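Single-letter residue listing:
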Amino acid sequence: MKNGIITLLQLLPVLFSALLIAAHFLRSGNLPLVFLSLAIPMVLLMRHKLAVRLVQTALFLAALEWVRTATMLAMLRSDLGLPWIRMAVILGSLAAFTVGSVFVFLSKTLRARYNLSRTN
């Protein structure tokens, strides 16, 4: 039981990143990507290193989406003469948090759970 709680706590950044990118896609009305974003973390129910790699890839792509959105909105707001720096900092922070979520799998507990070695 204790290991399950520790595992869940260590996976919270992954789950939170998935919820944030799902909310982003929901705001733009892209329901297939909303459902995909919410489903990707469920892959981690399988205790396999390929599940981890799929989730890490999805997180990296989500971070790229945050960067793309930040760039697009910064250019648009700049062209309109509107302030854009705060928005860029917020979306950049979301991208950094999402990339950081990739690294939760370096913990000893998650490496053991998903049969990951240091070289995988």
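All values derive from a computational prediction rather than experimental measurement. (Residues numbered from 1 in each chain as written. Predicted model: local features only at pLDDT ≥ 70, side-chain atom pairs only at ≥ 80, totals over all residues. Heavy atoms only, no water.)

1. A few points about unusual backbone geometry
1) Next: Despite not being glycine, Asn115 has its phi angle at roughly 55 degrees, a positive value.
2) Next: Examined against the element boundaries, Asn115 turns out to sit in the segment after helix 5 (108-113). (Helix = DSSP H or I, 4+ residues; strand = E, 2+ residues; numbered from the N terminus.)

2. Observations concerning the packing of aromatic side chains
1) Next: Counted under the stated rule, the structure contains 2 aromatic pairs.
2) Next: Where Phe16 meets Phe97, the ring centres are 5.8 Å apart and the plane angle is 85 degrees; that geometry is what we call edge-to-face. Residue Phe16 is found in helix 1 (residues 2-27), and its partner Phe97 is found in helix 4 (residues 85-102); the two are separated by 81 residues along the sequence.
3) Next: By relative accessible area, Phe16 is classed as partly exposed at 46%.
4) Next: Taking the centre distance of 6.1 Å and the plane angle of 75 degrees together, the rings of Phe105 and Tyr114 count as edge-to-face. (Phe/Tyr/Trp six-rings, centres within 6.5 Å; stacked < 30°, edge-to-face > 60°. Buried < 20%, exposed > 50% of the residue type's maximum accessible area, 1.4 Å probe, protein only.)

3. Points about the packing of helix 1 against helix 2 (residues 31-39)
1) Next: Between helix 1 and helix 2, the least distance of the axes is 8 Å, while the angle of their chain directions is 175 degrees. With respect to each other, helix 1 and helix 2 are oriented roughly antiparallel. Together, Ala18, Leu19, Ile21, Ala22, Phe25 and Leu26 of helix 1 and Leu31, Leu33, Val34, Ser37 and Leu38 of helix 2 make up the contact between the two elements.
2) Next: Its residues assigned to classes, the contact of helix 1 with helix 2 shows 10 nonpolar, 1 polar and no charged. (Axes fitted to C-alpha atoms, helices over the stretch in contact; angles between N-to-C directions. Parallel < 35°, antiparallel > 145°, perpendicular 65-115°, else oblique. Contact = heavy atoms within 4.5 Å. Nonpolar A, V, L, I, M, F, W, Y, C, P; charged D, E, K, R; others polar.)

4. A few points about the nonpolar core
1) Next: Residues Leu11, Val14, Leu44, Val55, Phe105 and Tyr114 are the most contacted members of the largest nonpolar core, which totals 15 residues.
2) Next: Among the elements that line this core, the one with the most residues is helix 3 (residues 49-79), at 4 residues.
3) Next: Setting aside its immediate chain neighbours within four residues, Phe105 contacts Leu11, Val14, Leu44, Val52, Val55, Gln56, Leu110, Arg111, Tyr114 and Leu116.
4) Next: Counting 12 residues, the second-largest nonpolar core is a separate cluster that includes Ile21, Ala70, Ala74 and Leu94. (Core = buried A, V, L, I, M, F, W, Y, C linked by side-chain atoms within 4.5 Å.)

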